[in-house]
Structure formats: structure tokens, C-alpha cells
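Notes for the structure review
This is what each chain is made of:
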Amino acid sequence: MAVCRLIVVASFLTMALLPERLVAQASNWRSSGNRYSTAGETAAPPTANAYATEANAAPLGQLPPSTDITPEIPANTIGTNSMSPIANPPPTRSRVTKGPSSLPNEGGQVMRDYDIRPYTSRANGTSKPEQVIVDWILRETGYEAWHSEPLGLLSASPHTLRVYHTPEMQAAVADIVDRFVNRSAAGHAFTLRVVTIDNPNWRSRALPLMTPLPVQSPGVQGWIMPKENAAALIAEMTRRNDYREYNSPQQLIPNGQSMLLSTMRPRAYIKGVVPTQNVWPGFQPEQGQLEEGFSMEFSPLLSLDGATADAVIKLRLQQVEKMLKVKLDVPSPVAQNQRMEIEVPQMTMANLHERFRWPSDQVLLLSMGVIATPGPARGNMVTDALPMLKSAPRADALVMVEMKGSVMPTAATGGAGSAAAAATATRPAGSFQGRY
């Protein structure tokens, strides 16, 4: 009985002393930098979740708080660390220097001034007539000749054309300028006809009257013919029911000047939907506009001796074949289950931009092929009554160019422009560059 009492007392003493021993061991761990030693053996430090720090120590008998959650960084410490985001590098700019004090002439370039007043004084009704001379120089010499080595400069005012280039290029420029200031060609003009024929079978009777001319534009054919044959061909065409003209053949285009002929007309349609808040029904139709018709720019120029003629023809044609209807579901907060019909244009386009050269005593005839008509088609009682039978009109578009000779009075001889009218350079005929 006494032995049992001794065992119970020893157990109570052990349980009373155990918390004190645990607290003492924890104190040893904190004082030794979280390391502890037992019987000459070094143990590994406890894990981060095994024991809490002194400030967050849990009471005895409770689990320590979990440290798996990422702690929140105070706002006043953001951006105070040594690391910073990498910014994009600044844009690289070209290195600019002052440049030489004089124009480089490693290619033998020379500066020349050309008096162009004999031409610009005749074209006083044209805005910036000197630009026509610059355009023809660029067509003849090529655009790249003025934007590469050797250095070249080309500048024009209403009185003077200033050129800095090699002697060979100066000769080419002088030939173009002479063709503009030439007094013998000042009174010449050109006529232009733009017509369509529904059926291209006119060729069967006209073929013996014409001589083919090479054309580079796809689908375009060219011929030349004597003026007598051209008059007979026009008389034959005008008797056809499908013949139609789009300009006045009596309109004259002076030599060296440009003319713009256009039948473009606007056509409105609904191309989309624009949402509108708080306005019934919650959307509005978006209006669109396109142009329909043809636009042609014609720029002729006689050679210095008047034997040949050059012309740059730039034609743009657009036609709306039909408008395709599309219904859109347009739900809106104002009204649900709304529908709107829009239109999608189905179009046909044709383009021509080419330079032609032919003998000035002949007539130039060009065929664009069977394309969309330049203007609205004539009404038809059957197709107008039955829209399902109506289709976009097609026709063979023809362009006829003729030089009319001296039709304008020439300027009086003598004066300041007489010296400029003299030839300043010669160049072989037929040596133009490219299509333009």
C-alpha cells in the first residue's frame, strides 16, 4: 500500500515539472539561435511551422499559428527595395550632320536654269502649269534617277525650271522643255472621244482600216489609222443603235496641257448600324457613299518636229452591279428583337494608266474591252418592269484621239521668249522610259 502511494506522488511530481522543462528547452533554443545540443549531439533546427516566435507564441497546449499564408506587404514599403522594373529602350534616331557647304558633283553634275515662260504664259488659266513639265520629265527620265546616286535636283517655278544633274540628264530635260516652249506647236490641239458599243462585232468591218499598236495594259487593244479611215469608222458606228458618246468631240485640248473628264456621281447606301443609347429604337442606320462612273485624265505632247505625238491616258471606271441586302439582329436596351437591313455593294472596276506614242497624222483608237459602262444605261421597258431580268450593263469602251493641227493663233515672233523657243538639246525620238 505504501509503495502505491509513492508511485502516485512521483507521477504527480513528473507532470508538474514537465511544463517547466519544456519552457526551459524553448528558452535554450531562442538563446542559441534556434539551435540546441543534447549529450554532445547537434540536432537540426526546428521547422518554421514547428514553433512560433516569441511575439506570436501560442499558449501551452495550443497549436502554433500557421505561416503558410503570404504576409501582406505594407503600402509604405512598396518600391523601397533595390529592384526596379526594366523600361523599354528609347527609340533610335538617325544621326544628322551639317553636310557639305557645296553640292557634290562626283558624277559631273552641273546646274542649269530653263526659261519656261513661253509655255506658262500660254497656260495662264491653268493652276501651276509648271507641274506638267515636271511630270513629263519624271516620266521620260524615270523617278529613280532623281532619288539615287548621283545627286540630282529638280525644281520649278512659273518662270524657271532649275535642274542639277549630269550632262546626259540635262540633255534629256532640255528636250522635254523644248517640246513645251516650241512656238510652232503652240497652236496645235487634240480632240478626244469616249464612246461605248454594246456589241464588239464592230471589229469585223473595221479591221481592214486599222493597224495594230502594241499595248502593255492587260485586256486593252490599240490601233492607229489614217484620218480618212477614222472618219469612215465613226460614220459607220454612229448608225448603230448601241452606239453612245460620253463627251463632246469638239472639245479641244491644247498641246502640253492636261484635261480631266469625269462622269463620277455619288450614290448613297446604308452600310451599317450605329448604336444610340436611350433613344428609340436604340440604333440608327449608318450612311455610306461611293462614286459611280468614270474619270479620265488626258495629257498630250507633240514632239519637237511635230511628227509624233505622246499622250498619257489615266482612266478609272467604277460601277455598282447591285446592292446585296443583309438583315441584322440589333438587340438594344430600349427595344428587343429589332432588325435592320443594310446594303453591301457589289462593284466592278477597270483601270488604265499608260503612255502611248503614234504618228501625229494618224488617229489613235483604244479599246478597253467589254467592261462596265461609264454612265447609266438607257431605260428598257421589259427589264424595268421585271427587275429580276435586269443586270449591270456592259459595253465595249472606246477612246479615240486625234491631233487637229494648227487650230489656235500662234504668238507673235520676237520678244523675250524667242530665245527660249530655240532648241536647247537634241534627243533621238522613240526613246522614252517605261509605260509612262
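Here's what I pulled together on the structure shown here.

Criteria and cut-off values
Residues numbered from 1 in each chain as written. Predicted model: local features only at pLDDT ≥ 70, side-chain atom pairs only at ≥ 80, totals over all residues. Heavy atoms only, no water. Helix = DSSP H or I, 4+ residues; strand = E, 2+ residues; numbered from the N terminus. Buried < 20%, exposed > 50% of the residue type's maximum accessible area, 1.4 Å probe, protein only. Contact = heavy atoms within 4.5 Å. Areas by Shrake-Rupley, 256 points an atom, 1.4 Å probe, with all protein chains shown as cover. Core = buried A, V, L, I, M, F, W, Y, C linked by side-chain atoms within 4.5 Å. Pairing = 2+ DSSP bridges. Axes fitted to C-alpha atoms, helices over the stretch in contact; angles between N-to-C directions. Salt bridge = Lys/Arg side-chain N within 4 Å of Asp/Glu carboxyl O. Phe/Tyr/Trp six-rings, centres within 6.5 Å; stacked < 30°, edge-to-face > 60°. Expected span 1.5 Å × (residues − 1). Arc of directions from axis to C-beta. Polar contact = N/O pair within 3.5 Å; in protein donor to acceptor, adjacent residues only side chain to side chain. 1 Å grid on protein atoms, 1.4 Å probe; cavity = no way out; pocket = protein on both sides within 12 Å on 5 of 7 lines; lining within 4 Å. Points joined across faces, edges and corners; volume = space filled by probe spheres on them. Nonpolar A, V, L, I, M, F, W, Y, C, P; charged D, E, K, R; others polar. Parallel < 35°, antiparallel > 145°, perpendicular 65-115°, else oblique. Left-handed = near helix turned anticlockwise from the far one by under 90°.

**So, the overall build of the protein chain**
For the protein chain, the helix and strand inventory stands at eight helices and 17 strands. By the burial criterion, 35% of the 436 residues in the protein chain qualify as buried. Across the protein chain, contacts joining residues at least 24 apart in sequence account for 73% of those joining residues at least 6 apart. Accessible surface, the protein chain: about 27100 Å² in total, of which carbon and sulfur atoms supply 57%.

**Brief notes about the nonpolar core**
Ranked by internal contacts, the top residues of the largest apolar core, which has 33 residues, are M296, W358 and V401. Put simply, the parts of the chain that give this core at least two residues each are β6 (188–197), β11 (259–262), β13 (283–302), β14 (308–329), β15 (339–359), β16 (362–372) and β17 (394–406). Of all hydrophobic cores here, the second largest spans 23 residues; its members include Y114, W136, I176 and V177.

**Observations concerning the sheet that holds strand β3 (residues 110–115)**
Here three strands make up an open sheet; going across it, the order is β3-β5-β4 and the pairing antiparallel. The two strands at the open ends of the sheet, each matched to only one other strand, are β3 and β4 (153–156). In this sheet, adjacent strand axes meet at a mean angle of 10° when their direction is disregarded. Note: β3 against strand β5 (residues 160–165), six bridges, orientation antiparallel. In the sheet register, D113 faces β5, and the bridge partner there is R162. On top of the sheet, helix α3 (residues 130–141) reaches β4 and β5; it is set at about 155° to β4, its chief contact.

**Topic: the pattern of salt bridges**
What the rule picks out here adds up to 18 salt bridges. Between R162 and D113 there is a salt bridge, with its nearest N and O atoms 2.9 Å apart. With R162 in strand β5 and D113 in strand β3, the pair connects residues that are 49 residues apart, well separated along the chain. The class of D113 is partly exposed, set by a relative accessible area of 45%. Across the pair R355 and E140 runs a salt bridge whose closest N-O atoms are separated by 3.0 Å. Of this pair, R355 sits in strand β15 while E140 sits in helix α3, placing them 215 residues apart in sequence.

**Let's talk about the side chain of H165**
With respect to the secondary-structure elements, H165 resides in strand β5. A relative accessible area of 3% places H165 in the buried class. The residues contacting H165, other than those within four sequence positions of it, are G108, Q109, V110, A145, W146, P150, G152 and Q170.

**A few points about the packing of aromatic side chains**
Following the criterion strictly, the structure yields four aromatic pairs and no others. With 6.4 Å between their ring centres and 75° between their planes, F190 and F298 make a pair best called edge-to-face. Residue F190 is found in strand β6, and its partner F298 is found in strand β13; the two are separated by 108 residues along the sequence.

**Considerations on helix α6 (residues 227–238)**
Taking 1.5 Å of rise per residue, the twelve residues of α6 would be expected to cover 16 Å, and the 17 Å separating its terminal C-alpha atoms lies within 8% of that figure. Buried within α6 are the following residues: A230, L233, I234 and M237. Down the axis of α6, the buried set is contained in an arc of 100°. They therefore lie on one face.

**Here's the deal with the side chain of R355**
According to the relative accessible area criterion, R355 is buried, its value standing at 4%. Separated by 3.0 Å, the side chains of R355 and E140 make a polar contact. Looking at R355, its side chain comes within polar contact range of the side chain of D310, at 3.3 Å.

**What about empty space enclosed by the protein?**
Applying the stated criterion across every chain, the model contains one cavity of 30 Å³ or more. Considering only enclosed or pocket space, the largest cavity measures out at about 60 Å³ in volume. Lining of the largest cavity is provided by V194, F294, M296, L315, L317, M368, I371, P374, A397 and V399. Taken together, the elements giving at least two residues each to the lining of the largest cavity come down to β13, β14, β16 and β17. Partitioning the lining of the largest cavity into residue classes produces ten nonpolar, no polar and no charged.

**Some points on the packing of α3 against helix α4 (residues 167–181)**
Relative orientation of the contacting elements α3 and α4 amounts to 135°, with a least axis distance of 10 Å. Accordingly, the angle class assigned to the pair α3 and α4 is oblique. Seen from above, α3 lies across α4 with right-handed handedness. Listed contacts from α4 to V132, I133, W136, I137, E140 and T141 of α3 are M169, A172, V173, I176, V177 and F180. Of the residues assigned to the contact of α3 with α4, the class counts are ten nonpolar, one polar and one charged.

**A word on unusual backbone geometry**
Here the residue pair E149 and P150 is connected by a cis peptide bond, since its omega of -5° sits within 30 degrees of zero. For P150, the position within the fold is in the loop between α3 and β4. Phi angles above zero are rare outside glycine, and K128 is one such case at about 50°. Considering the arrangement of structural elements, one finds K128 in the loop between α2 (117–120) and α3. The class for K128 is exposed, based on a relative accessible area of 53%.

**Quick look at α3**
With twelve residues, α3 should cover 16 Å at 1.5 Å per step; its first-to-last C-alpha distance of 17 Å lies within 8% of that length. The element α3 is largely enclosed, with a buried count of ten among its twelve residues. Within α3, burial applies to E130, V132, I133, V134, W136, I137, L138, R139, E140 and T141. Directly after α3, the chain includes G142, whose backbone phi takes a positive value near 95°.

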